[in-house]
Amino acid sequence: MPYPEVRWVDSHCHLDAAEFGADVDAVVARARAAGVVQCVLPAVDVAGFDAVRALAHRHGFGYALGIHPLYVPQAAADDLDRLREAVHRHRDDPHLLAIGEIGLDHFVPPPPDDPARERETRFYLAQLRIARDAGLPVILHVRRSADALLAGLRRVEVRGGIAHAFNGSRTQALAFVGRGFALGFGGAMTFERALRIRELAATLPETALVVETDAPDIPPQWLYRTAAQRAAGHVARNEPAELPRIAAELARLRGCSVAHAAAVTTANAARVLPRLAALPGLSVAAEAAA
């Protein structure tokens, strides 16, 4: 559902994923036709750094470099050094917006003294230090880990960023906001049963909100497939062109116009990822919102 009078920023999508390998240019074309003028492409592992950067440059998008917590178990011993070197090498690249996707994933938590938990935490803190030293914000993976992430941010202060796919409590949300973060809302918000996420989307200060797809993951309600459907091969692929319809649900929940939601979330993304404002499309967005 395009909204041609407004422009959007997809603050989190993985266009380098294998699901887009055959038609990424067509995916980008559909996104632009729907009014998505900018996408932020976070890396998930060292092996993907060059591909993410090349894709961002090819389409005029922003990108982030980092090691996702779910990729920490297979990371090499020197991957943190390789990340630091890559950030230093590309420090003057205006498309490099942040360190990410980094964080902690406690969806299936190991025991507190488990070596895997310790390694994940060590990688998280090390990447916060890399962000701090580079003067860059961070893009955080938050899955049942908000308190632990906040504890890390108290130890290593960074320039804010985005808490991606936020699903914590209101207290946790405000704690991130107080540290200079915006909170990412996407497909999960479109499900009526997602009561806490929808309540936060409706009631948090508007300066706290950015919108995202996490494409090809976190499909909105209208793309959702049951486990049986997925087992039968009916897999839905989320993509940035879905962002305007996702964001329209945010506007509905907040009782504001779609144009206002676009203007606010675009401004918030540019505030927490300052280099984003200089990339293509943002001046168009500002004119559309005026």
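So, here is what we can say about the structure in this document. Bear in mind the structure is a predicted one, so any value in this text is a computation, not a measurement. (Residues numbered from 1 in each chain as written. Predicted model: local features only at pLDDT ≥ 70, side-chain atom pairs only at ≥ 80, totals over all residues. Heavy atoms only, no water.)

The element strand β7 (residues 181–185) is extensively covered by neighbouring structure, given that five of its five residues are classed as buried. Side chains F181, L183 and F185 of β7 all project onto a buried face; the interleaved residues A182 and G184 project onto the opposite face, where all are buried too. Where strand β6 (residues 161–164) lies against β7, three bridges are found, and the strand directions are parallel. Residue G161 lies in a different strand from β7, and its bridge partner there is F181. Chirality of the crossover, the property in question, places the unit of β6, helix α6 (residues 170–178) and β7 among those that are right-handed. In terms of strand pairing, β7 meets strand β8 (residues 209–211) through three bridges, oriented parallel. Paired with L183 across the two strands is L209, which belongs to β8. What joins β7 to β8 is helix α7 (residues 195–203), and the crossover it makes is right-handed. (Buried < 20%, exposed > 50% of the residue type's maximum accessible area, 1.4 Å probe, protein only. Helix = DSSP H or I, 4+ residues; strand = E, 2+ residues; numbered from the N terminus. Pairing = 2+ DSSP bridges. Right-handed = clockwise from strand over helix to strand, strands pointing away.)

Moving on: the sheet that holds strand β1 (residues 8–10). A sheet is described by the order of its strands in space; here eight strands give the open sequence β1-β2-β3-β4-β5-β6-β7-β8, paired in parallel fashion. If you trace the sheet from one side to the other, it starts and ends with β1 and β8, each paired once. The mean angle between the axes of side-by-side strands here comes to 25 degrees, regardless of whether they run parallel or antiparallel. The pairing of β1 with strand β2 (residues 36–42) spans three bridges and is parallel. Bridge pairing links V9 to Q38 in β2. Packed onto the sheet, helix α4 (residues 115–134) meets β4 (96–105) and β5 (138–143) and runs at close to 160 degrees relative to β4. (Axes fitted to C-alpha atoms, helices over the stretch in contact; angles between N-to-C directions. Contact = heavy atoms within 4.5 Å.)

Membership of the largest hydrophobic core comes to 77 residues, with the highest contact counts inside it found for W8, L15, L41 and F176. In terms of residue count, α4 provides more of this core than any other element does, seven residues in total. Counting 15 residues, the second-largest nonpolar core is a separate cluster that includes A64, I139, A182 and V272. (Core = buried A, V, L, I, M, F, W, Y, C linked by side-chain atoms within 4.5 Å.)

Attention now moves to the packing of aromatic side chains. Applying the stated criterion across every chain yields a total of three aromatic pairs. Ring geometry for F176 and F181: centres 5.8 Å apart, planes at 75 degrees, overall edge-to-face. Residue class for F176 comes out buried when judged on its relative accessible area of 0%. Residue placement shows R193 over the ring face of Y224; its charged tip is 5.8 Å from the ring centre. (Phe/Tyr/Trp six-rings, centres within 6.5 Å; stacked < 30°, edge-to-face > 60°. Lys NZ or Arg CZ within 6 Å of the ring centre and 35° of its normal.)

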